[in-house]
Amino acid sequence: MIQRILFVCLGNICRSPTAEGVMAHTIAKHQLQARFQVDSAGTAQWHKGEPPDKRTLAVAKTRGYDLSPLRARPVLPQDFDQFDYILAMDKQNLKDLQALKPSHFTGHLGLFLAFHPKGSPQEMPDPYYSDEQGFIDVLNLTEAACEGLLQHLLQKA
Ligand code: 4NP
């Protein structure tokens, strides 16, 4: 059975598209595309239809991730019927998702960085008002957490 994973941040233009792109790449690297699908969304709809932030695109590109085809979208109630893992970037995102979660949802709703293998901040820092280093920090945390998440998913299977 295919496992579906949704990454969620606020705007869906910085953190969650980074996680979507890196996780898709991690899955492809392990040739597991038949088993896992990924997507991302935002709790706000301010940037609906937009590509990721230019700084997100630029930093991702330095490590070979092409995030340019991605487009922002808001989280929808139906997402809880379609995804097995819904992973929030920070505690406010998680709170907003918990408020949307229907009682019949049986999947996993939690913080993405809980899957970071080595200890990290619990929350993915919001880089939107930071400098380039903030975006590099997001990418570093994301790469490690995606490996941890994949190992978790494979152990469970
Ligand atoms: P994201 O970052 O939630 O990681 O996509 C942000 C994007 C946009 C805004 C804030 C954070 N904003 O205020 O528009």
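Look a little higher up for the structure.
Note that this is a predicted model, so its numbers are computed, not measured.

Caption draft 1: Summary view of the packing of helix 1 (residues 15–29) against helix 5 (residues 132–156). Where helix 1 contacts helix 5, the axes come no closer than 9 Å and their chain directions differ by 50°. Our classification of the angle between helix 1 and helix 5 gives oblique. Read as a crossing pair, helix 1 and helix 5 show a hand that is right-handed. Two secondary-structure elements touch here, helix 1 through R15, T18, A19, V22, M23, T26, I27 and K29 and helix 5 through V138, L139, T142, E143, C146, E147, L149, L150 and L153. For the contact of helix 1 with helix 5, a count of residues per class yields ten nonpolar, three polar and four charged.

Caption draft 2: Structural view of the pairing of strand 2 (residues 36–42). Bridge count for strand 1 (residues 3–9) against strand 2 is seven bridges, and the pairing is parallel. Bridge assignment links F7 to a residue of strand 2, and that residue is S40. The β-α-β motif built from strand 1, the intervening helix 1 and the parallel element strand 2 has right-handed crossover chirality.

Caption draft 3: Structural view of the sheet that holds strand 4 (residues 108–111). Across the sheet, four strands lie side by side as 2-1-3-4; this open sheet has parallel pairing. Among the strands making up the open sheet, the edge pair consists of strand 2 and strand 4. Adjacent strand axes in the sheet meet at a mean angle of 20° when their direction is disregarded. Judged from the four bridges that link them, strand 1 and strand 3 (residues 85–88) form a sheet pairing that is parallel. Of the residues in strand 3, the one forming a bridge with L6 is I86. Where helix 4 (residues 91–100) meets the sheet, it contacts strand 1, strand 3 and strand 4, and its direction lies at approximately 155° from that of strand 4.

Caption draft 4: Up close: the site of the ligand. Around the ligand sit C9, L10, G11, N12, I13, C14, R15, W46, H47, D126, Y128 and Y129, and those are all the residues in its vicinity. In this structure, an oxygen atom belonging to the ligand sits 2.9 Å away from a main-chain N or O atom of L10. Between an oxygen atom of the ligand and a side-chain N or O atom of R15, the distance comes to 2.7 Å. Partitioning the shell around the ligand into residue classes produces seven nonpolar, three polar and two charged.

Caption draft 5: Representation of the pairing of strand 4 in the model. With four bridges connecting them, strand 3 and strand 4 associate as parallel partners. The residue of strand 4 that forms the bridge with Y85 is H108. One crossover worth recording links strand 3 to the parallel strand 4 by way of helix 4, and it is right-handed.

Caption draft 6: Seen up close, the packing of aromatic side chains. Applying the stated criterion to the full structure yields four aromatic pairs. Ring geometry for F80 versus F105: centroids 5.2 Å apart, planes at 90°, classification edge-to-face. Of this pair, F80 sits in helix 3 (residues 79–82) while F105 sits in the loop between helix 4 and strand 4; the two residues are 25 residues apart in sequence, bridging distant segments of the chain. Residue F80 is classed as buried on the basis of its relative accessible area, which comes to 3%. Residue classification places F105 among the buried positions, given a relative accessible area of 9%. On the basis of an interplanar angle of 65° and a centroid distance of 6.4 Å, the ring pair of Y85 and F115 is categorised as edge-to-face. You can see Y85 sitting in strand 3 and its partner F115 sitting in the loop between strand 4 and helix 5, a full 30 residues away along the chain.

Caption draft 7: Representation of the environment of G110. You can see G110 is positioned in strand 4. Along the backbone, G110 and K91 are 19 residues apart, and their C-alpha atoms lie at a distance of 9.0 Å. Excluding its chain neighbours within four sequence positions, the residues that come into contact with G110 are I86, L87, A88 and L94.

About the thresholds
Residues numbered from 1 in each chain as written. Predicted model: local features only at pLDDT ≥ 70, side-chain atom pairs only at ≥ 80, totals over all residues. Heavy atoms only, no water. Axes fitted to C-alpha atoms, helices over the stretch in contact; angles between N-to-C directions. Helix = DSSP H or I, 4+ residues; strand = E, 2+ residues; numbered from the N terminus. Parallel < 35°, antiparallel > 145°, perpendicular 65-115°, else oblique. Left-handed = near helix turned anticlockwise from the far one by under 90°. Contact = heavy atoms within 4.5 Å. Nonpolar A, V, L, I, M, F, W, Y, C, P; charged D, E, K, R; others polar. Pairing = 2+ DSSP bridges. Right-handed = clockwise from strand over helix to strand, strands pointing away. Near = heavy atom within 4 Å. Polar contact = N/O pair within 3.5 Å; in protein donor to acceptor, adjacent residues only side chain to side chain. Phe/Tyr/Trp six-rings, centres within 6.5 Å; stacked < 30°, edge-to-face > 60°. Buried < 20%, exposed > 50% of the residue type's maximum accessible area, 1.4 Å probe, protein only.

Any functional reading would require information beyond the geometric quantities listed.
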